[in-house]
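Observations on the three-dimensional arrangement
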Amino acid sequence: MARDAIRHAPGPGDAQRERVAEALLTSAVGGPRERKHRARFHTLRVAAVRPLTDASIEVTFALPEELRDEFDYLAGQHVALRATLDGHEVRRSYSLCRAADSGGGGDGPRTISVAIKRDAGGRFSTWAQTELHVGDEIDVMSPQGTFTSKLADLDGAHVAGIAAGSGITPLMALAATVLARSDTSRFTLVYTNRSSLDVMFLDELSDLKDRYPTRLALHHVLSREQRTAPLLSGRIDESRLRRILDELVLPDTVDEWFLCGPYELVQLCRDALADRGVDPAHVRYELFTTGEGERAEPAAGRPVVLGADEPVRRIEFSLDGQSQSVDSPVSANETILNAALRVRPDVPFACAGGVCGTCRAHLREGSVTMTENYALEPDELERGYILTCQSHPTTDTVVVDYDV
Ligand SMILES: Cc1cc2nc3c(=O)[nH]c(=O)nc-3n(C[C@H](O)[C@H](O)[C@H](O)COP(=O)(O)OP(=O)(O)OC[C@H]3O[C@@H](n4cnc5c(N)ncnc54)[C@H](O)[C@@H]3O)c2cc1C
Ligand code: FES
């Protein structure tokens, strides 16, 4: 099933979405999405909670032996956490912040860690900051995501990252991994925050610098604090970014770029890199939110009333090798995810907003309209993958497969 079976619906916020979509479309990355196991929740015990800043914590989960293989991950991937808050299920994605093989020993990691920054007024991050304690148990989904290095060989490679705020989390894992995997790799990290008090992983970054003094170049840019170098003091706008690319990280020397932060910064960097002639295939980025404001908690699995003689679309899906089908009234205009959840509550999803990619499935038959896509890369669209949380069937029957 190719991409012409997938249409994007026009709607509010399209200009921004098109920009993101265009950005994604021009950043084709070869290779399949790294999905070792299908996304599935497991209950894990909190082994440690450590404050990073006043507004952020690192949470470490212990992995029982039988789950180590399932939670084996690549630097840059993320997990979804699930909790019931005020009687409502809340799912949020968090990037894994440690090098993928730290504490391993060949049989998968013994722990995994995420870093959660409190979003003012945010439901899950505020709850985690105040209510999550050592010994608590919480549902954690197996690692997902393609914000990972596609370099076949790290020897002599120069990887660069630009992060803002909590966007450092996947870059911590990536920097530590790239530097550890080869004696000749280099990593340049530009990390921007408001002030030094907001810098997550300040000590770990400086430890990393001590460990790799010549191979890690670390530049903290503070927007509301004066640093000795004027270039590192102030917001990263177009002109400051231009100078950073002239003086601190020369695009010609970089093999792969990782951008993680607010939409505006990611887009600014992408534009600047394109202006410098950087091949978009070497630039990967991850958005934590679409920047479109308030999040409506997804109504995934909401009940749908099927009237007699009402026209329906038939949705057939396979998950864990089991095929099921569900009829969806045309008038309900529901997503494939919503319909599937009505008959199979363990269908994978996290954000239900087109951002995290957890609900990805392969469209085998029929066609869909996809409202948002901030997660799938161009090659995945080409190969017929869809975000089921955003896909509405446009043919009488659609067949999707969650297992590939
Ligand atoms: C792939 C991926 C990886 C991620 N990795 C990380 C990570 O490593 N670390 C990290 O900290 N985050 C990460 N995130 C973001 C994270 O998933 C959450 O989105 C974030 O923690 C906020 O969740 P929340 O429930 O606290 O906020 P939400 O409740 O979702 O609120 C988000 C924002 O909307 C505002 N808002 C909510 N309700 C209203 C309302 N009624 N009126 C007005 N405004 C409102 C809140 O004030 C807040 O600013 C990641 C996201 C993705 C998709
Ligand atoms: S559940 Fe996050 S993209 Fe669909």
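Right above here is the structure, for reference.
Below: a short report on this structure. The model shown is predicted, which means the values in this text are computed figures rather than measured ones. Each chain has its residues counted from 1, following the order in which its sequence is written. Going through the entries in the order they are written, you letter the chains from A and number the ligands from 1. Only residues with pLDDT of 70 or above have their local features reported here, since the model is predicted, and side-chain atom pairs are shown and tallied only from 80 upward, although totals for entire chains, interfaces and linings are computed over all residues. Processing note: side-chain calculations cover all non-hydrogen atoms of the structure and skip hydrogens and water entirely.

1. Section: the overall build of the protein chain
Rules: Secondary structure follows DSSP: runs of H or I at least 4 residues long count as helices, runs of E at least 2 residues long count as strands, and numbering of each begins at the N terminus. A simple rule labels every residue: compare its accessible area, found with a 1.4 Å probe on the protein chains alone, to the largest value its type can have, and call it buried under 20%, exposed over 50%, or partly exposed in between. For this analysis, residues touch if any pair of their heavy atoms sits within 4.5 Å. Working definition of accessibility: Shrake-Rupley area with a 1.4 Å probe, residue cover restricted to the visible protein chains.
Within the protein chain, the secondary structure is distributed over eight helices and 19 strands. The 404 residues of the protein chain split such that 54% are buried. Summarising the internal contacts of the protein chain: among those between residues at least 6 apart in sequence, 72% fall at separations of at least 24. Of the roughly 17500 Å² of accessible surface on the protein chain, a fraction of 48% belongs to carbon and sulfur atoms.

2. Regarding helix 3 (residues 168–181)
The criterion, for reference: Here the expected length of a helix is defined as 1.5 Å per residue gap, with one fewer gap than residues.
Between its terminal C-alpha atoms helix 3 stretches 20 Å, which fits the 20 Å expected from 14 residues at 1.5 Å a residue. Most of helix 3 is tucked away, with 12 of its 14 residues classed as buried.

3. Brief notes about the sheet that holds strand 14 (residues 322–329)
Put simply, the rule is: DSSP calls a pair of strands paired once it identifies at least 2 bridges connecting them. In this analysis, axes come from line fits to C-alpha atoms, helices being fitted only over the stretch in contact, and the angle between any two N-to-C directions falls in the range 0 to 180 degrees.
Taken in spatial order, the five strands of this open sheet run 14-13-19-15-17, and their pairing is mixed. At either end of the open sheet lies a strand with only one pairing partner, and these are strand 14 and strand 17 (385–387). Neighbour-to-neighbour, the strand axes of the sheet open up by a mean angle of 35°, direction not taken into account. As defined by bridge partners, strand 15 (residues 360–365) adjoins strand 19 (residues 397–401) across three bridges and the pair is classed as antiparallel. Opposite H362, over in strand 19, you have D401 as the bridge partner. Relative to the sheet, helix 7 (residues 336–343) contacts strand 13 (312–319), strand 14, strand 17 and strand 19, its axis offset from that of strand 14 by approximately 115°.

4. Digging into the pattern of salt bridges
Note the following rule: Put simply, a salt bridge is a Lys or Arg side-chain nitrogen that is within 4 Å of an Asp or Glu carboxyl oxygen.
Evaluation of the coordinates by the stated rule reveals 20 salt bridges. With its nearest N and O atoms 3.8 Å apart, the salt bridge here joins R40 to E70. Here E70 lies in the loop between strand 3 (56–62) and strand 4 (78–85) and R40 lies in the loop between helix 1 (14–25) and strand 2 (41–53), a separation of 30 residues in the sequence. Classification of R40 as partly exposed rests on a relative accessible area of 31%. Relative accessible area serves as the criterion here: at 16%, E70 is assigned to the buried category. Here R276 ties to D246 by a salt bridge, and the two come within 3.0 Å at their closest N and O atoms. Linking R276 in the loop between helix 6 (263–275) and strand 12 (283–286) with D246 in helix 5 (residues 238–247), this pair joins segments that are 30 residues apart in sequence. Bridged by salt links that share partners, the residues R40, E70, D320, R344 and D346 form one connected network.

5. Let's talk about the pairing of strand 7 (residues 137–141)
Burial runs high along strand 7: four of the five residues are buried. Examined bridge by bridge, strand 2 and strand 7 share five bridges and lie antiparallel to one another. When the sheet's bridge partners are listed, T43 is paired in strand 7 with D139.

6. A short note on the sheet that holds strand 8 (residues 158–164)
The five strands are arranged 10-9-8-11-12 in an open sheet whose pairing can be described as parallel. What marks the edges here is a single partner per strand, and that holds for strand 10 (216–222) and strand 12. Across the sheet, the mean angle from the axis of one strand to that of its neighbour is 10°, orientation sign disregarded. With seven bridges joining them, strand 9 (residues 186–193) and strand 10 adopt parallel strand pairing. Across the sheet, Y191 pairs through a bridge with H220, a residue of strand 10. The sheet strands contacting helix 6 are strand 8, strand 9, strand 11 (256–260) and strand 12, and the helix crosses strand 11 at an angle near 155°.

7. Quick notes on the pairing of strand 2
Bridge analysis of strand 2 against strand 3 gives seven bridges, and the strand direction is antiparallel. Directly across from R45, in strand 3, lies its bridge partner A62. In textbook terms, the turn of a hairpin is the stretch between consecutive antiparallel strands, and for strand 2 and strand 3 this stretch comprises two residues.

8. Quick notes on the environment of T53
What counts is decided by this rule: For the purposes of these results, a polar contact is taken to be a pair of N or O atoms within 3.5 Å, where, inside protein, one atom must be able to donate a hydrogen and its partner to accept one; residues adjacent in sequence count only when each atom of the pair is a side-chain atom.
Within the secondary structure, T53 sits in strand 2. Sequence separation between T53 and D198 is 145 residues, and the spatial gap between their C-alpha atoms is 6.1 Å. Once residues lying within four places of it in the same chain are set aside, the contact partners of T53 are L197, D198, V199 and M200. At 2.6 Å, the side chain of T53 and the side chain of S56 are in polar contact.

9. Things to note about the packing of helix 5 against helix 6
Applied cut-off: Under this scheme an angle from 65 to 115 degrees is roughly perpendicular, one under 35 degrees roughly parallel, and one over 145 degrees roughly antiparallel; angles in between are oblique. By definition, turning the near helix anticlockwise from the far helix through less than a right angle yields a left-handed crossing, and turning it clockwise yields a right-handed one. Classes in brief: Ala, Val, Leu, Ile, Met, Phe, Trp, Tyr, Cys and Pro nonpolar; Asp, Glu, Lys and Arg charged; the others, Gly included, polar.
Contact pair helix 5 / helix 6: the axes reach a minimum separation of 10 Å and the direction vectors enclose 50°. Put simply, helix 5 runs oblique to helix 6. Helix 6 is crossed by helix 5, and the crossing has right-handed handedness. On the side of helix 5, the interface is formed by E238, L241 and L245, while helix 6 contributes L268, C269, A272 and L273. A class-by-class count of the residues in the contact of helix 5 with helix 6 yields six nonpolar, no polar and one charged.

10. Observations regarding the packing of helix 3 against helix 4 (residues 202–211)
The geometry of helix 3 relative to helix 4 is characterised by a closest axis approach of 11 Å and an angle of 20° between their N-to-C directions. The orientation of helix 3 relative to helix 4 falls into the category roughly parallel. In the crossing of helix 3 with helix 4, the sense of the turn from one axis to the other is left-handed. Judged by residue contacts, I168, M172, A175, A176 and L179 of helix 3 engage E204, L205 and L208 from helix 4. Residue classes in the contact of helix 3 with helix 4 are distributed as seven nonpolar, no polar and one charged.

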